[in-house]
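One letter stands for each residue in the lines below.
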Amino acid sequence: MIRHRKVEANGIAMHVAEAGEEASQRVVVFLHGFPELWYSWRHQMGHLAARGYRCVAPDLRGYGATDAPPDVASYSAFHVVGDVVALLDALGLGKVFVVGHDWGAIIAWYLCLFRADRVTALVNTSVAFMRHVFIRAGSGAVKTTDYFNRTYGPTYYICRFQEPGVAEKEFSPANARYIVRQILCNRFTSEAAGGGKPAEERAAAGEPLPSWLTEADVDHFASEFERTGFTGGINYYRNIDRNWELAAPWADAKVMVPTKFIVGDGDLTYHYPGIQDYIHKGGFKADVPTLEGVVVVPGAGHFIQQEKADEVSNHIQDFFSKF
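Residues numbered from 1 in each chain as written. Predicted model: local features only at pLDDT ≥ 70, side-chain atom pairs only at ≥ 80, totals over all residues. Heavy atoms only, no water.

**Quick notes on the overall build of the protein**
Formally: Runs of E in the DSSP output that reach at least two residues are strands. Runs of H or I that reach at least four are helices, and both are numbered from the N terminus. Exposure is judged per residue with a 1.4 Å probe applied to protein chains only, and the accessible area is read against the type maximum: over 50% gives exposed, under 20% gives buried, and values in between give partly exposed. Contacts are residue-level and defined by heavy atoms, with any inter-residue pair within 4.5 Å sufficient. Shrake-Rupley sampling with a 1.4 Å probe provides the accessible areas, and residues are treated as covered by the protein chains on show and by no other component. For the purpose of charge, His is not counted, nor are the chain termini; Lys and Arg are scored as positive and Asp and Glu as negative. By convention, the charge on Lys lies at NZ, on Arg at CZ, on Asp at CG and on Glu at CD.
Counting secondary structure elements, the protein contains 17 helices and eight strands. Reported as C-alpha extents along the three principal axes, the dimensions of the protein are approximately 50 × 50 × 40 Å. The buried share of the protein, reckoned over its 323 residues, is 56%. A separation of at least 24 residues holds for 76% of the contacts in the protein among residues at least 6 apart in sequence. Carbon and sulfur atoms make up 52% of the accessible area of the protein, which totals about 12400 Å². Between the mean site of the 31 positive side-chain charges and the mean site of the 37 negative ones, the protein shows a separation of 4 Å.

Structure representation (structure tokens):
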């Protein structure tokens, strides 16, 4: 049973979905990505709640029923990490388990850098800790948007999202159902992120939903984005360079929270240049000394917690059971 409420935190009203016993001392906070909602964690919440955990999954700022401040600058990592810490305070929670995906994973990395005292252990999915992308570090540092522009070109979605108004035309609330369906069905491959088949061609193909996604799931996501639009989520990307600069004080910091990392072998993020060497040949472990395992899931794309729900839920449970 999922419970819903609004919580005042860090100057905004946050919508929070919860499952499990409120009295449980084993609390898991789930942080979603783009273009998603708390709902992306529905399977993991049910799984862990049935095993004695209290599950807390907010709509992050700008999403769903959580407030969406109009100022683009208010979507920095400092703001969103502040939201998470303030939410814990509002709920009377000290240290918690954290699970992140996509932008939620990025926020989780920042949370563990800025406020490791609030995190017992972390399971992050999809986005590894990429210091050169997240933090201005070293004399040869390259601004994040410049890095993606050089690597993938100006049509890459992160680059396209930077100019206000441009992305909003592409991500119109009136087309929310089509947008959500296409992104989820394409599993956020490089084709879906930019330079793939034209939208008209994909639509004409009449792609069926994958087995892990139902029309009711699409309805839930679509109805929310039809109401709110996508600007709140897109504003996270518009702060990616600001985050890189603001995080400079942590240029040489390491993530000192026990961590497990899960990624699909078909995820775009697993095919960034050099990322597999970084993950598997010591770089990742050097940045995250408490990294206790990397799981690469065959046949999974970007939305791994939905695509491989049982497998991901079991990995989370197995890891957190150690603490």
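**Focus: the sheet that holds strand 7 (residues 259–264)**
Our working definition: Two strands form a pair only when DSSP identifies at least two bridges running between them. Fitting a line to C-alpha atoms yields each axis, with helices limited to the stretch in contact; the angle taken between N-to-C directions then spans 0 to 180 degrees.
Taken in spatial order, the eight strands of this open sheet run 1-2-4-3-5-6-7-8, and their pairing is mixed. Whereas interior strands pair on both sides, the edge strands pair on one side only; in this sheet they are strand 1 (3–9) and strand 8 (291–297). Each strand of the sheet is rotated relative to its neighbour by a mean of 20°, with strand direction disregarded. Here strand 1 runs beside strand 2 (residues 12–19); their pairing, made up of seven bridges, is antiparallel. Within strand 2, the position partnered with Lys 6 by the bridge is His 15.

**Description of the packing of helix 8 (residues 176–186) against helix 11 (residues 215–228)**
What counts is decided by this rule: Oblique is the label for any angle not covered by the other classes, which are roughly parallel (under 35 degrees), roughly antiparallel (over 145) and roughly perpendicular (65 to 115). Take the far helix as the reference: if the near one is turned anticlockwise from it by less than a right angle, the crossing is left-handed, and if turned clockwise, right-handed. The classification used treats Ala, Val, Leu, Ile, Met, Phe, Trp, Tyr, Cys and Pro as nonpolar, Asp, Glu, Lys and Arg as charged, and all other residues, Gly among them, as polar.
Following both chains from N to C, one finds helix 8 and helix 11 inclined at 130°, their axes separated by 8 Å at the closest point. Relative to helix 11, helix 8 is oriented oblique. Here helix 8 runs over helix 11; the crossing is right-handed. Contacts between helix 8 and helix 11 pair Ala 176, Arg 177, Val 180, Arg 181 and Leu 184 from the former with Glu 215, Val 218, Asp 219, Phe 221, Ala 222, Phe 225 and Glu 226 from the latter. Across the contact of helix 8 with helix 11, the residue classes break down as seven nonpolar, no polar and five charged.

**Here we look at helix 11**
Selection criterion: Multiply 1.5 Å by the residue count of a helix minus one, and that product is the helix's expected span. Picture the helix axis, draw a direction to every C-beta atom, and the arc is the one those directions span.
The first and last C-alpha atoms of helix 11 sit 20 Å apart over 14 residues, in line with the 20 Å expected at 1.5 Å per residue. Buried within helix 11 are the following residues: Asp 217, Val 218, Phe 221, Ala 222, Glu 224 and Phe 225. Buried residues of helix 11, seen end-on, are gathered within an arc of 165° and therefore sit on one face of the element. In this structure, the buried residues of helix 11 make contact with helix 1 (42–49), helix 8 and helix 16 (304–307). Just downstream of helix 11, Gly 229 is the residue with a positive phi angle, here 75°.

**Section: the UniProt feature "domain: AB hydrolase-1" (unreviewed entry) in the protein**
As a reminder of what qualifies: UniProt positions are given in the numbering used here, feature names are shortened, and annotations may be inferred rather than shown by experiment.
The UniProt record annotates "domain: AB hydrolase-1" (unreviewed entry) at residues 27–127. The span residues 27–127 is 34% helical and 23% strand by assignment, and the distance between its end C-alpha atoms comes to 23 Å.

**Considerations on the packing of aromatic side chains**
In plain terms, the rule: Whether two aromatic rings pair depends on their centres lying within 6.5 Å, for rings of Phe, Tyr and Trp, where Trp uses its six-membered ring; planes under 30 degrees apart make the pair stacked, over 60 edge-to-face, and the rest tilted.
Across all of its chains, the model carries 37 aromatic pairs by this definition. Residues Phe 34 and Tyr 237 carry aromatic rings whose centres are separated by 5.4 Å and whose planes lie at 80° to one another, so their mutual orientation is edge-to-face. Of this pair, Phe 34 sits in the loop between strand 3 (27–31) and helix 1 while Tyr 237 sits in helix 12 (residues 231–237), and the two are 203 residues apart along the sequence. Its relative accessible area of 2% is what places Tyr 237 among the buried residues. Taken together, a centroid distance of 5.8 Å and an interplanar angle of 55° make the contact between Tyr 75 and Tyr 236 tilted. One end of the pair, Tyr 75, is in the loop between strand 4 (54–58) and helix 2 (77–90); the other, Tyr 236, is in helix 12, with 161 residues separating them in the sequence. Side by side, Tyr 75 and Tyr 236 carry an identical accessibility label, which is buried.

**Observations concerning the side chain of His 101**
Our working rule: As used in this structure description, the phrase polar contact means that two N or O atoms lie within 3.5 Å; if the pair is within protein, one of them must be able to donate a hydrogen and the other to accept it, and residues adjacent in sequence are counted only when both atoms belong to side chains.
Its location among the elements puts His 101 in strand 5 (residues 96–101). The exposure class assigned to His 101 is buried, which follows from its relative accessible area of 0%. There is a polar contact of 2.7 Å between the side chain of His 101 and the backbone oxygen of His 302. When sequence neighbours within four positions are dropped, the list of residues in contact with His 101 reads Leu 31, His 32, Gly 33, Glu 36, Trp 41, Thr 125, Ser 126, His 302, Phe 303, Ile 304 and Gln 305.

**Some thoughts on the nonpolar core**
The line we're drawing: In these notes, a set of buried Ala, Val, Leu, Ile, Met, Phe, Trp, Tyr and Cys residues joined through side-chain atoms within 4.5 Å is what counts as a nonpolar core.
By size, the foremost hydrophobic cluster in this structure holds 111 residues, and its most contacted members are Phe 129, Phe 134, Phe 284 and Phe 320. Top element by residues in this core is helix 3 (residues 103–114). It accounts for 11 residues. In this structure, Phe 129 is in contact with Trp 109, Leu 113, Phe 134, Ile 135, Val 255, Tyr 278, Phe 284, Asp 287 and Val 288, ignoring residues within four places of it in sequence.

**Here's the deal with the packing of helix 1 against helix 17 (residues 309–320)**
Direction vectors running N to C along helix 1 and helix 17 enclose 45°, while the axes themselves pass 9 Å from each other. Comparing the axis directions of helix 1 and helix 17 gives the class oblique. Relative to helix 17, the crossing made by helix 1 is right-handed. Contacts between helix 1 and helix 17 involve His 43, Gln 44, His 47 and Leu 48 from the first element and Ala 309, Val 312, Ser 313, Asn 314, Ile 316 and Gln 317 from the second. The residue inventory of the contact of helix 1 with helix 17, partitioned by class, reads four nonpolar, six polar and no charged.

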